[in-house]
Amino acid sequence: MRRRTVATVVLALSVSLAASGLGCRPAPEDASAPSGPGQGRPIRLATTTSTDNTGLLDRLLPPFERWWGAPVHVVAVGTGRALQLGRNGDADVLLVHAPEAEEAFMAEGAGVNRRSVMFNDFLFVGPKEDPAGVAGAGSPADVLARIARAQAPFVSRGDDSGTHKMELSLWKKANIAPAGSWYLEAGQGMGATLLVAEEKRAYGLTDRATFLAMRDRLALAPLYENPEALANLYSIIAVNPAVHPGANYLGAMALAAWVTSPAGQRIIADFRIGGETLFRPLAVPPAETAGARTPEAAP
Amino acid sequence: MRWTLEQLVEALRLLGSLDRQVIGALGLSLGLATLSTALATAAGVPTGIALGLGRFRGKRLLTTVLHALLALPTVLIGLVLYTALSSRGLLGPWRLLYSPTAIVLGQFILALPLVTALALAAAEGVDPRVRLTALTLGAGRWRVARTVLAEGRGAFLAAVVAGFGRVFGEVGISMMLGGNIRGYTRTVTTAVALETAKGHVPLGIALGLVLMAVALGVNLLFLHLRRRTDP
């Protein structure tokens, strides 16, 4: 009797295990043997929530994965975390947006072959009534000064992400140390932070892509835009294989080549939500502006 | 009120259109929870029986520590394993971080104290006369343990079910050690967290309902097993 119990439990466990497909290697596209140059070795991409939550990567990665013959494992975290994963060798390649932090990352030798990929901009959003009168501000620093003066609720990412770093640099420019019950640190991704701002009827700084992707679920209004002062630049960086010999360096460079190639850049340019472009490609500029916009084209 | 209802209705509507990715996440959740529960059972039930039947110095202290471990927070397990599994960490060369194996490891540690503590209680709950009778009949230590296991099988099964429930609905470990990688380490619970972060509340609820339904199914299966095995 007891033996039968054990047998049944074992059977039940193995059936559910088999059903889960746990035993086999991950094969997102098809189960056949990988035949691409990647030879089945996955690439670990650490990136920001803005590229993943918007759905851009769902469009950009599958054609690459089919050619490469191995999956790209996307870990979507804030830029600060992503850079840390790169430093620790827990990622092969990074797609991030915090130029100053990236430069520090490169300077300490943690990354190689940094390339600009695309850009958009940050914008200030908030309740439609705009109690702090942000819409009439003259500069990003002025926006923050008005919010601080009115003690209007402001939700910060508070997670060391690219957006958070941008926000902190703007407070610095405005010469204000944000503190008080009106300044809330969400400590979450962009989407979650916008949801908090909505609930608290608060202001916030967001990247355009996430805001557009969530716009139909939000009552927040775009209140202050300034594409030049609030530019948001995304770069791809391979983890330095000299520091982390185990990193999939060839995979990292192949992925960097794909997202900066004309074909990859076209996918980025064509990616729209509700008719609006989320990211503008930057790696392959039109011939007449070459050198004007891409830092790596400069002598 | 109306908004809440709308979200629920939308969630129910979405249940009908759940796609392959959700099925995949569900299969992964089930598989990982099953594997980690099986491992925790293999380690925890014998330990529990030994603690329950054994007479040795420090038994009370060990039992107290075991019960304290029941409060082990998932983020702490996640964090400690994270530092161990990161490629800079102790077990770095195995490259386990952000893999299903890492999740199983974390869930195993999460379930082990619970399964052990409940197995201990189950062993102590078996009528002492059973043990004495077995001993009088000349049974060895192993034979006694097996007799106790057979006699208290309902309670031992409950320990396994509790362990499964603890890991199946867990999100902290899966998120920190699995990384929520689509098609690889995205479980139902991390998918719920992600959809909520994206503002897709109804989809999050729908996934939660699926998780509950499967948990119910698993418990019914165990209940059925328990009935069948009762003499």
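A quick note: this is a predicted structure, and the numbers were derived from the prediction, not measured.

A. The arrangement of the overall build of chain A in detail. When helices and strands are tallied, chain A shows eleven helices and twelve strands. Here chain A, with 299 residues, has 47% of them falling under the buried criterion. For chain A, restricting intrachain contacts to residue pairs at least 6 apart in sequence, the fraction spanning at least 24 positions comes to 75%.

B. How the structure looks around the environment of Tyr224 of chain A. Residue and element names in this part refer to chain A. Secondary-structure assignment places Tyr224 in strand S8 (residues 221-225). In this structure, the C-alpha to C-alpha distance between Tyr224 and Ala137, residues 87 residues apart in sequence, is 7.5 Å. With residues up to four places along the chain from it excluded, the contact list for Tyr224 reads Leu123, Phe124, Val134, Ala135, Ala137 and Val143.

C. Expanded view of the domain arrangement of chain A. Residues and elements named next belong to chain A. By domain assignment, chain A separates into domain 1 (39-120 + 232-294) and domain 2 (121-225). Contacts between domain 1 and domain 2 engage 20 residues on the former and 17 residues on the latter. The set of elements that each furnish at least two residues to the side of domain 1 that touches domain 2 consists of helix H2 (49-53) and helix H4 (79-87). The dominant element in the side of domain 1 that touches domain 2, judged by the number of residues it contributes, is H2, at three residues. Split by residue class, the side of domain 1 that touches domain 2 holds six nonpolar, 13 polar and one charged.

D. Up close: helix H4 (residues 74-85) of chain B. Residue and element names in this part refer to chain B. End to end, H4 covers 16 Å across twelve residues, agreeing with the expected 16 Å (1.5 Å per residue, within 8%). When H4 is considered as a whole, its buried residues turn out to be Thr74, Ile77, Gly78, Leu81, Tyr82 and Leu85. On an axial view of H4, the arc spanned by its buried residues comes to 130°, and they lie on one face. Buried residues in H4 make contact with helix H5 (100-125) and helix H9 (172-178).

E. The pairing of strand S4 (residues 111-126) of chain A, seen in detail. Residue and element names in this part refer to chain A. By the bridge criterion, eight bridges tie S4 to strand S9 (residues 231-239) in an arrangement that is antiparallel. Paired with Asp121 across the bridge in S9 is Ala231. With two bridges connecting them, S4 and strand S12 (residues 280-281) associate as antiparallel partners. If you follow Phe119 over to S12, its bridge partner there is Arg280. Sheet topology places S4 next to strand S7 (residues 203-207); four bridges connect them, and they run antiparallel. Counted as the bridge partner of Val125 is Gly204 from S7. Pairing analysis gives four bridges linking S4 to S8, with the strands arranged antiparallel. When the sheet's bridge partners are listed, Phe124 is paired in S8 with Tyr224.

F. Geometry of the packing of H4 of chain B against H5 of chain B. Residues and elements named next belong to chain B. Two elements in contact, H4 and H5, have axes whose closest approach is 10 Å; the angle formed by their N-to-C orientations is 135°. In terms of axis orientation, H4 runs oblique to H5. Here H4 and H5 pass one another in a crossing that is right-handed. Packed against H4, whose contacting residues are Thr74, Ile77, Gly78, Leu81 and Leu85, the element H5 presents Ala102, Leu105, Gly106, Ile109 and Leu110 at the interface. In terms of residue class, the contact of H4 with H5 is made up of seven nonpolar, three polar and no charged.

G. The nonpolar core, seen in detail. One finds Val93, Leu94 and Leu255 of chain A together with Val115 and Ala119 of chain B to be the most contacted residues of the largest nonpolar core, which totals 145 residues. Of all the elements, H5 of chain B adds the most residues to this core, at 17 residues. Taken domain by domain, this core gets at least three of its residues from each of domain 1 (39-120 + 232-294) and domain 2 (121-225) of chain A. Discounting residues that sit within four places of it in the chain, Leu94 of chain A has contacts with Ala46, Thr47, Ala82, Leu83, Gly86, Ile236 and Ile237 of chain A.

H. Representation of the confidence of the model for chain A within the structure. All names here are of chain A. Of all residues in chain A, 83% attain a pLDDT of 70 or more, and the chain-wide mean is 85. In this model residues 13-31 is a low-confidence stretch, pLDDT under 50, and it forms 27 contacts with partners more than four residues away in sequence or in other chains. Between residues 289-299, whose pLDDT stays under 50, and residues either more than four places distant or in other chains, the model counts 13 contacts.

I. Focus on the environment of Val134 of chain A. All names here are of chain A. For Val134, the location among the structural elements is in the loop between S4 and helix H6 (140-150). It is 14 Å that separates the C-alpha atoms of Val134 and Arg201, two residues lying 67 residues apart in sequence. For Val134, the residues in contact, after removing those within four places along its chain, are Phe124, Gly126, Val143, Arg146, Ile147, Tyr203, Leu223 and Tyr224.

About the cut-offs
- Residues numbered from 1 in each chain as written.
- Chains lettered and ligands numbered in written order.
- Predicted model: local features only at pLDDT ≥ 70, side-chain atom pairs only at ≥ 80, totals over all residues.
- Helix = DSSP H or I, 4+ residues; strand = E, 2+ residues; numbered from the N terminus.
- Buried ≥ 20, exposed ≤ 12 C-beta atoms within 10 Å, placed from the backbone.
- Contact = placed C-beta atoms within 7 Å.
- Domains from an automatic or database assignment.
- Nonpolar A, V, L, I, M, F, W, Y, C, P; charged D, E, K, R; others polar.
- Expected span 1.5 Å × (residues − 1).
- Arc of directions from axis to C-beta.
- Pairing = 2+ DSSP bridges.
- Axes fitted to C-alpha atoms, helices over the stretch in contact; angles between N-to-C directions.
- Parallel < 35°, antiparallel > 145°, perpendicular 65-115°, else oblique.
- Left-handed = near helix turned anticlockwise from the far one by under 90°.
- Core = buried A, V, L, I, M, F, W, Y, C linked by C-beta atoms within 7 Å.
- pLDDT = per-residue confidence, 0-100.

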